[in-house]
Amino acid sequence: MSERVYAYYLIETSYDLEQAALMMAGEQSVGTFVKVPGESPEMWERCGARVERVQELEQVSIPSLPGARHKDTRIKRAEVRLSFPLSTLGTSLTTLLTAVSGNLFELAPFSGLKLLDIEVPEAFKVHPGPQFGIEGTRTLAGVFERPLIGTIIKPSVGLSPTQTASLVKQLGEAGIDFIKDDELQSDSPHSPFTDRLETVMRVIDTLAEQTGKRVMYAINITGETEEMLRRQELVAKCGGSCVMVNMLMVGLSSLQTLRKYSQLPIHGHRAGWGALSRHPVLGMGYLAYQKFMRLAGVDHLHVNGLRNKFCEDDVSVMQSAQACLTPMLGGYRVMPVFSSGQTVWQVPDTYKGLQSSDCLYLAGGGLMAHPDGVAAGVRSLQEAWEAALQGLSLESYASSRPSLARAMEMFA
């Protein structure tokens, strides 16, 4: 196994940049703070991480993070590329994640360190990846040639199973494609998982009989691993077509186990992502993280949305979405999910930036808060995407479509 894994980082340090990169390579392979017996040049050649490239960037006046040890008054930033031998990693995703991140974030010589991206060799095809991905999701939803338009159950918590089902009925009658639980709602005293599932699925079954369209409902099965497996099986038995998981909360191994047994697409929510990504020189970039999730087998990945309610800028959002559609190891494509404060106004730029209709476009408040009700909210999003796909402006398309016009006025 002579192939290597490549990892890309942004670092900040007052140490010599080459020396700092060598510290990273040693810490994450055969080295430590002092040479130990058995640490030979041959072992370094065979098992050590290598510094492939160091590219100096700008200098900063003050360290970005506390606790760093300084060797110079000059604090420099650089991009670093390391490689790791597959012969020591194998193809375990948890081992890979440990190798390319692990203790790096705690090393004292660094006042900033962020994992930006990774590249893995063909050997990682041992992981099955998404079971349904884009094509399978479209087939189950019966939606082709346009985005899947959906929403999040709102209020996020507080609705009973009956109230949730009533809302699903309204949305389904309006022709929505996709409905998901909020990440906060999994199994609670006011909305027990089994009661919510059974009540909502009765509505979806009835709607399917009446309209011929089966709404995809991503019920939140997040929990302990065995609990998630039981819930997934129950969803499948009830005729469900999707399950949702809070990826960061359940962890990489649980996702792999769920993928192994799942009969349904896995909708990956990234609740908590800001803790890993918000600081510009700490944590992990989404380009790296989403590759782990794709290999683990998630079918849909949240990427935030344009002009969103959070702090992520539009360039980062679109890079994340495009990454989901970019083949990895010749495949492993997943459906990017736009959400977080989305309305009809972001639709044209979303389509322009993505250059594809392969996405889930979700609006919670941007649909539920429509002044003429949730059915009008659904229509407004459908009409906004019709305009975008035809290359027409929202303003011209809304002239004869009151639901779209009212949404534009409401969210202006």
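Relevant structure appears above.
Residues numbered from 1 in each chain as written. Predicted model: local features only at pLDDT ≥ 70, side-chain atom pairs only at ≥ 80, totals over all residues. Heavy atoms only, no water.

### Remarks on the sheet that holds strand β13 (residues 360–362)
Next up, step 1: The strand order β5-β6-β7-β8-β9-β11-β12-β13 describes a closed barrel built from eight strands, whose pairing is parallel. Averaged over all neighbouring strand pairs, the angle between strand axes comes to 25 degrees, with direction disregarded. (Pairing = 2+ DSSP bridges. Helix = DSSP H or I, 4+ residues; strand = E, 2+ residues; numbered from the N terminus. Axes fitted to C-alpha atoms, helices over the stretch in contact; angles between N-to-C directions.)

### Considering the sheet that holds strand β1 (residues 4–13)
Next up, step 1: The mixed open sheet is built from five strands, whose spatial order is β2-β3-β1-β4-β10. Each end of this open sheet is capped by a strand with a single partner; those strands are β2 (50–60) and β10 (282–284). Strand after strand, the sheet turns through a mean of 15 degrees between neighbouring axes, direction not considered.
Next up, step 2: Across the sheet, helix α1 (residues 17–27) is in contact with β1, β2, β3 (75–85) and β4 (110–119); its angle to β2 comes to roughly 130 degrees.
Next up, step 3: Across the sheet, helix α4 (residues 93–100) touches β1, β3, β4 and β10, and the angle it forms with β1 is around 30 degrees. (Contact = heavy atoms within 4.5 Å.)

### Let's talk about unusual backbone geometry
Next up, step 1: Omega for the peptide link from K154 to P155 comes to 0 degrees, which places this bond in the cis form.
Next up, step 2: The backbone of R307 sits at a positive phi, close to 45 degrees, despite the residue not being glycine.
Next up, step 3: Structurally, R307 can be placed in the loop between β11 (300–302) and α13 (314–325).
Next up, step 4: For R307, a relative accessible area of 41% corresponds to the partly exposed category.
Next up, step 5: Phi is positive for Q355, close to 55 degrees, though the residue is something other than glycine.
Next up, step 6: Along the polypeptide, Q355 turns up in the loop between α14 (347–354) and β13. (Buried < 20%, exposed > 50% of the residue type's maximum accessible area, 1.4 Å probe, protein only.)

### Here's the deal with empty space enclosed by the protein
Next up, step 1: Throughout the structure, instances matching the rule amount to one cavity of 30 Å³ or more.
Next up, step 2: Space inside the largest cavity adds up to approximately 60 Å³.
Next up, step 3: Taken together, I153, P155, S156, V157, G158, L159, T164, D181, D182, Q185, S191 and R196 make up the full set of residues lining the largest cavity.
Next up, step 4: Of the residues belonging to the lining of the largest cavity, the class tally is four nonpolar, five polar and three charged. (1 Å grid on protein atoms, 1.4 Å probe; cavity = no way out; pocket = protein on both sides within 12 Å on 5 of 7 lines; lining within 4 Å. Points joined across faces, edges and corners; volume = space filled by probe spheres on them. Nonpolar A, V, L, I, M, F, W, Y, C, P; charged D, E, K, R; others polar.)

### What about the packing of aromatic side chains?
Next up, step 1: Enumeration over the complete set of coordinates arrives at five aromatic pairs.
Next up, step 2: Residues W273 and Y286 carry aromatic rings whose centres are separated by 5.2 Å and whose planes lie at 75 degrees to one another, so their mutual orientation is edge-to-face. Here Y286 lies in helix α12 (residues 286–296) and W273 lies in helix α11 (residues 273–277), a separation of 13 residues in the sequence. Residues W273 and Y286 agree in their burial class; the two are buried. (Phe/Tyr/Trp six-rings, centres within 6.5 Å; stacked < 30°, edge-to-face > 60°.)

### Structural notes on helix α10 (residues 252–261)
Next up, step 1: Taken together, the buried positions of α10 are L252, S254, L255, L258 and R259. Viewed along the axis of α10, the buried residues span an arc of 160 degrees, placing them on a single side of the element.
Next up, step 2: Buried residues along α10 sit against α4, α8 (225–237), β8 (242–246), α9 (247–250), β9 (266–269) and α12. (Arc of directions from axis to C-beta.)

### Some thoughts on the pairing of β8
Put simply, side chains in a regular strand alternate between the two faces of the sheet.
Next up, step 1: Counting buried residues in β8 gives five out of five residues, a clear majority hidden from the surface.
Next up, step 2: Residues C242, M244 and N246 line one face of β8 and the alternating positions V243 and V245 line the opposite face, and both faces are buried.
Next up, step 3: Across three bridges, the pairing between strand β7 (residues 216–220) and β8 is parallel. Considered in β8, the bridge of N220 is made with M244.
Next up, step 4: Of the crossover connections in this fold, the one passing from β7 over α8 to the parallel β8 is right-handed.
Next up, step 5: The pairing of β8 with β9 spans four bridges and is parallel. If you follow M244 over to β9, its bridge partner there is H267. (Right-handed = clockwise from strand over helix to strand, strands pointing away.)

### What to know about the pattern of salt bridges
Two side chains bearing opposite charge may form a pair once their charged atoms approach each other closely.
Next up, step 1: This model, assessed by the stated rule, comprises 21 salt bridges.
Next up, step 2: We note a salt bridge from E122 to K125, for which the minimum N-O separation is 2.9 Å.
Next up, step 3: Across the salt bridge formed by D181 and R196, the nearest N and O atoms sit 3.0 Å from each other. Pair noted here: D181 is in the loop between β6 (178–180) and α7 (193–211) and R196 is in helix α7, with a separation of 15 residues, a long-range link.
Next up, step 4: Looking at D181, the relative accessible area reads 2%, which means it is buried.
Next up, step 5: Residue classification places R196 among the buried residues on the basis of a relative accessible area of 1%.
Next up, step 6: Within this structure, E135, R138, R333 and D358 form a network of salt bridges that share partners. (Salt bridge = Lys/Arg side-chain N within 4 Å of Asp/Glu carboxyl O.)

### Looking at the nonpolar core
Next up, step 1: Counting 119 residues, the largest nonpolar core has Y9, I11, F84 and V100 as the members making the most contacts within it.
Next up, step 2: Ignoring any residue separated from it by four or fewer positions in sequence, one finds I11 in contact with L17, A20, M24, K76, R77, A78, V80, F110, G112 and L113. (Core = buried A, V, L, I, M, F, W, Y, C linked by side-chain atoms within 4.5 Å.)

### Topic: helix α5 (residues 133–141)
Next up, step 1: Every buried residue of α5 is accounted for by G133, I134, G136, T137, R138 and A141.
Next up, step 2: The inward-facing, buried residues of α5 abut β5 (148–152), β7, β11, α13 and β12 (335–338).
Next up, step 3: Backbone geometry just downstream of α5 places G142 in the positive-phi region, at approximately 70 degrees.

No statement about biological role is implied by the geometric values presented.
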